Amino acid sequence: MNDAAVMVHTGWVPGLLGELVRWHGRYYVGALGWPPVFERIVAREAAEFAAVPDDEALIWSAWRDGHFLGCLALDSREAATKGARLRFFIASDDARGHGVGTHLMRLALAAADARGDARVWLTTVRGLAAAAHLYSKFGFVLADEHDDDSWGASMREQRFVRERHAGSSAAVTASTTP
C-alpha cells in the first residue's frame, strides 16, 4: 500500500463503528447473500468490543479523504489462555486488492508480537479464498473446521491460528507509513 493519501488510525475514530458495521453488512449480506441478522450480530459484538479498555482491545482503520477503506481489531482479553483474537477484518470495495488488508494485518500482528502474544487466532468461514490466502501469507494455519450457526445461518466455520514460539523474533514488522 503505497498511497500517501491513505491515513491509518490506531484506536476508535468518529464514524469507525458505523463503517465497520456498514461494510460487514454490505459485503457479507449484500454481496455474498448472508442472512440480514449477520449485520445485527456484528453491530452488537462491535459495540461491546468498543467498550473494552484500549490495553485489551486495539483497532486500526484506513481512510482516504475521509472515506473508510478498512479495519482490523486485536482482542487481547483472553490472550493468556486462548491467544489474541483478530476480529472485524473488513475492507471497502475500493480497498480490496490494493494492500490495505495486508497493511492492517501487519500492524495488528506487530502489536501482538510486541505484547508477547504466543498465539493469534481468528475465525472465518469456508469459501473466502482471498482471505484464507492472506492469512496463510502471514503464517496462519487452519486449525479447526466445523459447522456453526452463530453467523446467522449454518456455515462451515474455520479457525486459523498463528503460533509464535518462545524466543523467536517478531514474525512481522510494522511500518509507520501506510
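Preceding this section is the structure that the text describes.
Let me sum up the structure you'll find in this document. Predicted model only: the values in this text are computed from it and were never measured.

### Regarding the overall build of the protein chain
Scanning the protein chain for helices and strands turns up four helices and seven strands. Out of the 178 residues in the protein chain, the part that is buried amounts to 44%. For the protein chain, the accessible surface area stands at approximately 9,000 Å², while carbon and sulfur atoms represent 51% of it.

### Side note on unusual backbone geometry
Despite not being glycine, aspartate 65 has its phi angle at roughly 50 degrees, a positive value. The residue aspartate 65 is located in the loop between β2 (57–64) and β3 (67–75) in this model. Accessibility expressed as a relative area gives 64% for aspartate 65, which makes it exposed. In this model, phenylalanine 88 sits at a positive phi of 55 degrees, which is unusual for a non-glycine residue. Relative to the helices and strands, phenylalanine 88 resides in strand β4 (residues 84–91).

### Here's the deal with the sheet that holds β4
One open sheet holds the seven strands; their spatial order is β1-β2-β3-β4-β5-β7-β6, and the pairing between them is mixed. At either end of the open sheet lies a strand with only one pairing partner, and these are β1 (6–10) and β6 (141–148). Strand-to-strand, the axes of this sheet are offset by a mean angle of 20 degrees, without reference to chain direction. Relative to strand β7 (residues 155–163), strand β5 (residues 119–125) runs antiparallel, the two sharing seven bridges. The residue of β7 that forms the bridge with threonine 124 is glutamine 158.

### Brief notes about the packing of helix α3 (residues 100–115) against helix α4 (residues 129–137)
Packed helices, taken two at a time, are described by the angle their axes make and the gap between the axes. Contact geometry for α3 and α4: axes closest at 11 Å, N-to-C directions at 40 degrees. For the element pair α3 / α4, the angle class is oblique. Taken as a pair, α3 and α4 cross one another with a handedness that is right-handed. On α4, the residues touching Gly101, Thr102 and Met105 of α3 are Leu134, Tyr135 and Lys137. Of the residues that constitute the contact of α3 with α4, the class distribution is three nonpolar, two polar and one charged.

### Topic: the packing of aromatic side chains
In this structure the tally under the stated criterion is ten aromatic pairs. Judged by centre distance (4.8 Å) and plane angle (75 degrees), the rings of tryptophan 34 and phenylalanine 38 are edge-to-face. Take tryptophan 34: its relative accessible area is 9%, and that puts it in the buried class. Following the ring pairs from residue to residue traces out a cluster consisting of Tyr27, Tyr28, Trp34 and Phe38. Sitting over the face of the ring of tryptophan 121, arginine 159 holds its NZ or CZ atom 4.5 Å from the ring centroid.

### Some thoughts on the environment of glutamate 78
The residue glutamate 78 is located in the loop between β3 and β4 in this model. Given the relative accessible area of 40%, glutamate 78 is considered partly exposed. For the pair glutamate 78 and glutamate 56, spaced 22 residues apart in the sequence, the C-alpha separation amounts to 8.8 Å.

### So, the pattern of salt bridges
Close approach of charged atoms lets side chains of opposite charge pair. Summed over all chains, the structure comprises 14 salt bridges. Across the salt bridge formed by glutamate 48 and arginine 77, the nearest N and O atoms sit 3.4 Å from each other. With glutamate 48 in helix α2 (residues 37–50) and arginine 77 in the loop between β3 and β4, the pair connects residues that are 29 residues apart, well separated along the chain. Under the relative-accessibility criterion, glutamate 48 is labelled partly exposed at 47%. Judged by relative accessible area, which is 33%, arginine 77 ranks as partly exposed. One salt bridge connects aspartate 75 with arginine 87, and the closest N-O pair in it is separated by 3.5 Å. Placement of aspartate 75 in strand β3 and of arginine 87 in strand β4 is noted, with a sequence separation of twelve residues between them. In this structure, aspartate 75 and arginine 87 share a single accessibility class: buried. Ionic contacts of the salt-bridge type, sharing partners, join the residues Glu45, Glu48, Asp75, Arg77 and Arg87 into one network.

The rules behind each value
- Residues numbered from 1 in each chain as written.
- Predicted model: local features only at pLDDT ≥ 70, side-chain atom pairs only at ≥ 80, totals over all residues.
- Heavy atoms only, no water.
- Helix = DSSP H or I, 4+ residues; strand = E, 2+ residues; numbered from the N terminus.
- Buried < 20%, exposed > 50% of the residue type's maximum accessible area, 1.4 Å probe, protein only.
- Areas by Shrake-Rupley, 256 points an atom, 1.4 Å probe, with all protein chains shown as cover.
- Pairing = 2+ DSSP bridges.
- Axes fitted to C-alpha atoms, helices over the stretch in contact; angles between N-to-C directions.
- Parallel < 35°, antiparallel > 145°, perpendicular 65-115°, else oblique.
- Left-handed = near helix turned anticlockwise from the far one by under 90°.
- Contact = heavy atoms within 4.5 Å.
- Nonpolar A, V, L, I, M, F, W, Y, C, P; charged D, E, K, R; others polar.
- Phe/Tyr/Trp six-rings, centres within 6.5 Å; stacked < 30°, edge-to-face > 60°.
- Lys NZ or Arg CZ within 6 Å of the ring centre and 35° of its normal.
- Salt bridge = Lys/Arg side-chain N within 4 Å of Asp/Glu carboxyl O.

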